[in-house]
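What follows is each chain in one-letter form.
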Amino acid sequence: MASVYIPVQGTEEEVRVALDQLPHDASDILDILKAEQAPLHLWLIIAREYFKQGKIDQFRQILEEGSGPEIDEYYADVKYERIAILNALGAFHTFSGKVERAPQKEAHFKEATQYYNRASRIDETEPSTWIGKGQLCVAKGELQMASDSFKIVLDEDGNNFPALLGQASVYFLMGETEQQHKRSLEHYRNSLDLYKRALRVYSNCPAAVRLGIAFCRYKLGQVEKARQAFQRVLQLDPENVDALVAVAIMDLQTNEASGIRRGMEKMRRAFEIYPYCTLALNHLANHYFFTGQHFVVEQLTETALSSSNHGLLKSHAYYNLARSYHSKGDIETAGRYYLASVKEISKPQDFVLPYIGLGQIQLKFGDLKASLASFEKVLEVHPENCESLKAIGHIHAKSGENEKAIETFKKVTRIDPKDHQAFVELGELLVESDWAAAMEYLKTARNLLKKAGEDVPVELLNGIGLLHFEKGEFEMAEQCFKEALGDGLWVSIMGGKLGSSVINLSVQYKDQSFFHQLEEEGVPLELHANKVTTLFNYARLLEELHDTVRASLFYRLIIFKYPGYIDAYLRLAAIAKERNNVQLSIELIGDALKIDDKYPNALSMLGSLELQSDETWLTAKERFRVAKEATKGDAYSLLQLGNWNYFAANRPEKKAPKFEATHREKAMELYQSHVLKHHRGNMFAANGIGILYAEKAKWDIAKELFTQVHEAASGSIFVHMPDVWINLAHIYFAQGHFQQAVKMYQNCLRKFFYNTDATILLYLARTHYEAEQWQDCRKTLLRAIHLAPSNYLLRFNVGVSMQKFSASTLQKIKRTVDEVRATVTELQNAIRVFSLLSVASTYHSHGFDERKIETHVEYCKHLLDAAKVHRDAAEQAEQQNKQKMEVARQIALAEEARRRAEEQRKFQLERRREEDELKQVKQQEEHFERVKEQWKTSSNTPGKRKDRSKHEDEEGGSEKRRRKGSRRRKDQKTKTQYGEEEDEYRDEPEADDDYANMSRDNDGDNSEKAPDHLLAAAGLEDSDAEDDMGQHQSAIERKRRAWSESEDDEPGQRPVQPSPGANDLSE
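Per chain, the residues get numbers from 1 upward, laid out in the order the sequence is written. Per-residue local features of the predicted model are confined to residues with pLDDT of at least 70, and side-chain atom pairs are confined, for both listing and counting, to 80 or more; whole-chain, interface and lining totals are unaffected and use all residues. As a rule here, side-chain values come from all non-hydrogen atoms in the structure, and water together with hydrogens is ignored.

(A) Local environment of the overall build of the protein. In DSSP terms, a helix is any run of H or I states spanning at least four residues, a strand is any run of E spanning at least two, and both are numbered starting from the N terminus. Counting its secondary structure elements, the protein contains 53 helices and two strands. Burial classes: relative accessible area under 20% of the type maximum marks a residue as buried, over 50% as exposed, and values in between as partly exposed (1.4 Å probe, protein chains only). Residues counted as buried form 42% of the 1067 residues belonging to the protein. Taking all contacts inside the protein whose residues are at least 6 apart in sequence as the whole, residues at least 24 apart take part in 55%. A 1.4 Å probe and the Shrake-Rupley method give the accessible areas. Residues count as covered only by the protein chains that appear here. Put simply, the protein shows about 59800 Å² of open surface, and 49% of that area lies on carbon and sulfur atoms. A contact between two residues is defined here by any heavy atoms of the two lying within 4.5 Å.

Now the structure itself:
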C-alpha cells in the first residue's frame, strides 16, 4: 500500500497519506498541504494519483492550487517542481484538446499554451517545457513548430529520450500527411532512425516504444520486418494490445482463410486482455458484419463508442453500426449513424466510407442535393471511384440534368470500359435524344456480359427490343423479345404447334378455359415475374404487325398467370375497340376496374369510349375527374378534362353561346394553366390550345402553335401525332393555301394511315373542291368510297363534284370536244348518283333532303341538254378541222416527197463525181508506176550516155505529144459525159468558167515540166543529161513530136481521163 508522508511544520512528525485512500474532496488534502507548507513534489505526487484513479477534477484542483500566485511567491526558489506542475497542467489540457471538439478543443489548447509559457518564464532552457510545447503543437497539427521545439532540446542534449520519441513521432505524422510518395518515405525513414536512436539511448525502455519502429517498417513496405518488430513487442509484453491488433490486421490482410483465422484469434485475445480496445472492437464488429451476426455487431460497436473519445475510432464504430442497420433495412436508423460517423471526422481523407453510405441513404429519401454533396466528398479522396460516379450520374438524371448525367456515365466508361451498368444507364438516358447512340450503348452492355460469360438480364434485352420496336424495326425487336423470353408456351403459340384450337379460342377474350385445358394436358404454363413485361411488349409488337390473334393469346396468358396485371385487360379492350366491339371493350375495362377502381388509365379509356356516345358523354367527365384525383393532377387526366370541355362546347344540340364560351375557356385554362405550366413540353396541350385559337379564327397564332408541335413531334420517335398534321392542314385550308393543305393531308395519310383513312380523304377532297380541282376531288372521293362504301355522304359529294366540273367546263370560252364529251359523261354519272341517293333516302334515313336531291337532278339534266348541244357543235367543228388538217397534211407530204427526191438526186450526182475522181486518181497512180518501171528498165540498159540522153529526149517529145492528144480526147469526153448535168448548173456560170480557166492554166504551165518532175520523183534523173541539155535541144523536140504522133495514132491504148483536172493530180 503506497503512501506519502507530509512533514508537520516545526516538528519532526509526519502525516501519512495513503494514496489508495485519498479523500473524495481534495480540499482536505489541500488544507494539509498548505498548512504544513509541504514540498511541491508531494503536491505533484498526490495530483498524479488522483489522475490515475480517474478523478480529474481533484487532479486539476490540486495542480491549479499548486500553481497559484501565492504558491509561486512562497516557493519562488523552487523552480523544477513549479515547472513540473505547470507542465503537468499543460499536458493535461493538451490531451483534453485532442479528444474534445470545438470550441472546447481550442479552449484547452489555449490553456495549455498559457501554462507552458508560464513554465518558460521560470526557466527558458528547461527541456521538459519544450517537449510539452512540442506535444501541444503535434496535437494542434502544427508539425513544423513541434519539430522546432524538439530540435531545441536535441541540440542541447542529443540523447534526450522524450525529445527523440517526440521528433520521431513528428516525422511519422509528416509522412502521413505528405502527398508526394518519395518525400513521405523519406519522413518515415527519418522517423525510423530516431526510434532506433532512442532505443540505443534507453535500451530498457517500455516495449511500446518498439511499436514506433514496427509502424515505420510497415509504412516503408517492410512487412516482414514490421511483423518481427510487433512480435518483439509481444515477446517483451505479451499483453500489449496494440501489437496484438497490429499483427492481427496484418494476418487479415493476407485474404487467406488461415490468415483470417489467425487474425481473428489475435483480435479475440486483444479483446480478452482489454475489452475496451476500440480498434479491436471495430475489427471484430467488421468481421461479424460479414458473417451476418448483426446483434454481435451492435454490441461491439456500442462498447467501442463508450470506451473511446478518439474521433476516427468512433467514426469507424458508427460506420459499422450504420451499415448493420442498413443491411437490415432500417434506413432511418442507418442514416442517423452514417451522419454521426461523418461528424466524428474532420475531413473525408481520414475515413471516406461513411460518406458513401450517407449518400445512399440521402438518395433513398430523395434528398438529391445532400446526396450529391456526400458522393462528391468521396470523389475528393478517390476521383475515379466508379460507384460514386454512377451515383452522381443517377442524381443528375433525377434532377433533370441529363447532359451532366451523360457526361458522368461516359467518364465511368472511360475509367472502366467493362462496367456494363454504366453503358446501360447511358443507353437509358439517350433514348429520347439520340436513338442510335442509346442502341449502341445497350448493345455494348449486352456484348460485355456475353464476353464475361454472364447471363444477359431480361431487362436489358427488353430495352433493346423496345428501342427496335419504337424505331419500326419489328424483326430485330422480335428477335430481342424472343431471346429475353427464352423457352415457354409463347414459342409454341408463335410456331403454331397448338393446333386449330388457338384460332378458335382467340376471339373469346374473357374465356380462360383454353389455358385450363392446356394445364390438364400437362403443357407447362410457367411465366416468371421478370418476363411479364417482355411478354406484354411482345404482344404489343404483334398488335403492330396486325397479328391480334396471337397478341390476345399472350394478354390472356398474362391475365391467367397474373390476374392483377391491369394493362393486359386494357390492351384486350383496345383490340375489341378496333374491331368495333365497343360493348366488349367496356366490359374488359370494367374487369380492370374491379381490380383497381381508381386505375387512371382504365378510367381515362372508359371515359374516352363514353365520350363518343350521345347517351353517356356526360358521365365521361366524372371518369376523367376520378382519374385526375387518383393521379393527383396527372397531365393526361387534365388533358382529358380539357378535351371533354372542348367536346361539350362543340356538341350539335342547341345551346346558349355563353355555354359554349364557358366550356372553351375552361378547356383553355386546363391546357394552359394546369398542363403546360407544370409540363412545358407537353405537345398535346399545345395542340389543344392551337385548336381553341383556330376556333376563334386566330389563324396565325394557331398556325405557329401547330408548327411548333409538328416540329417537336417529328423529332421524336416515340410520339405519333397525326392530329397536329391534320390541324395544320386545316389552317392552310382556312387561309386559302390549298396546295400546302393538299400536301399536308397527303403526307399525313401516307405516314400514319397508309392511305386508308376515309375521313382524311374527305378533307383532301374538300380542299381539291375549294381549289376548283374537280377531277382530283372526284378521284379522292372515289378512293374514300372504296374504303367506306356505306357512307352515302361521300356519294353525294361525288355527285356534287361531277356537277361542278361539268358546269365549270361549259362556262369555258375555249373547250375541246373531249372536255365536252367528258362533261356529258360526268353529268350522266351525276344524275345516276343523285337518283340512287334519292331512292336510298326513301328507305333509309341518311340525312338527305329529297327535294334538294331532285333539284340537283334537274340542274344536272338541264346542264346535260346544254352539254349535248355543245358536244354536237364541237364534234362538227372537230370534223371540219380534221378535213382541213388532212388537206394540209397531204400538201405537206407531197412537198416533203419532192424535197427528198431532190436531195436524193443531188446525193447521187455527188457520189458519181467522187467515184470518177477516185478512178482518175487510181489510173494516174498506175501510169506513174508504169513510167517508173520504164525508166528503171532504161537505166539498166548498157550504152553510151549520148544515146541514152537522145533516147530520153525522144521519149520526152513523144510524151508531150501524148499528153496533148490525151487532153483533147478528155475534153471531148467530158463534154459528152456531163452535157446533161451542165443544164442543172446553168444558174452558176461564173463558177463553171472559173473552174475551166483554172484547168487550162494548170495544163499550160505544167505540160512540159511533167516528165522532169516524174523522173525526179522516181529518182531517175541523169546529171550528165542535164549538163548536155543545151546541146541536144533539137533532139528532145523531135522525141516529143514523135510521142505526140504516136498518141494520135493509138487512142485506144491510152487510159481515158475523166475530168479536166486530172493532170493536176498526177503532176
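(B) Fine view of helix 10 (residues 181–201). The span expected for a helix works out to 1.5 Å for each residue beyond the first. With 21 residues, helix 10 extends 30 Å between its outermost C-alpha atoms, agreeing within 8% with the 30 Å of an ideal straight helix rising 1.5 Å per residue. In the core, the buried residues of helix 10 are packed alongside helix 9 (161–177) and helix 11 (209–219).

(C) View of the packing of aromatic side chains. Geometry of aromatic contacts follows a simple scheme: Phe, Tyr and Trp rings, the Trp one being its six-membered ring, pair when their centres are within 6.5 Å, and the pair is stacked under 30 degrees between planes, edge-to-face over 60, tilted otherwise. By the definition in use, this model includes 25 aromatic pairs. Their ring planes at 35° and their centres at 6.0 Å tell us that Tyr 745 and Tyr 763 sit as a pair that is tilted. With Tyr 745 in helix 41 (residues 738–752) and Tyr 763 in helix 42 (residues 758–770), this residue pair connects regions lying 18 residues apart in the sequence. Cluster of aromatic residues (ring-pair linked, three or more members): Phe 51, Phe 59 and Phe 92. Here the guanidinium or amino end of Arg 795 rests over the ring plane of Tyr 792, the centre of that ring lying 5.8 Å away. Only when the NZ atom of a Lys or the CZ atom of an Arg is both within 6 Å of the ring centre and within 35 degrees of the ring normal do we say a charge sits over the ring.

(D) Spotlight on the packing of helix 32 (residues 566–578) against helix 33 (residues 582–595). Every axis in this analysis is a line fitted to C-alpha atoms, fitted for helices over the stretch in contact. Angles between the N-to-C directions lie between 0 and 180 degrees. Put simply, helix 32 and helix 33 touch, their axes get as near as 8 Å, and they point 170° apart. The pairing of helix 32 with helix 33 is recorded here as roughly antiparallel in orientation. Of the residues in helix 33, those in contact with Ile 566, Tyr 569, Leu 570, Leu 572, Ala 573, Ala 576 and Lys 577 of helix 32 are Leu 584, Ser 585, Leu 588, Ile 589, Asp 591, Ala 592 and Ile 595. For this scheme, ten residues count as nonpolar: Ala, Val, Leu, Ile, Met, Phe, Trp, Tyr, Cys and Pro. Four count as charged, namely Asp, Glu, Lys and Arg, and the remainder, Gly too, count as polar. Here the residues of the contact of helix 32 with helix 33 sort into 11 nonpolar, one polar and two charged. Angular relationships are summarised with four words: roughly parallel below 35 degrees, roughly antiparallel beyond 145, roughly perpendicular across 65 to 115, and oblique for the angles in between.

(E) Structural context of the environment of Arg 101. By secondary structure assignment, the location of Arg 101 is in the loop between helix 5 (79–99) and helix 6 (104–122). As a C-alpha pair, Arg 101 and Asn 309 span 208 residues in sequence and 10.0 Å in three-dimensional space. Excluding anything up to four places from it in sequence, Arg 101 contacts Lys 343 and Glu 344.

(F) Representation of the pairing of strand 1 (residues 3–7) in the model. Residues Val 4 and Ile 6 of strand 1 are buried on one face, while the alternating residues Ser 3, Tyr 5 and Pro 7, pointing to the opposite face, are not. Two strands qualify as a pair provided that DSSP identifies no fewer than 2 bridges between them. Both strand 1 and strand 2 (residues 14–18) contribute to a ladder of five bridges, which runs antiparallel. Note that in strand 2 the partner of Tyr 5 across the bridge is Arg 16. Taking the residues between adjacent antiparallel strands as the criterion, strand 1 and strand 2 are bridged by six residues, where Gly 10 takes a positive phi near 85°.

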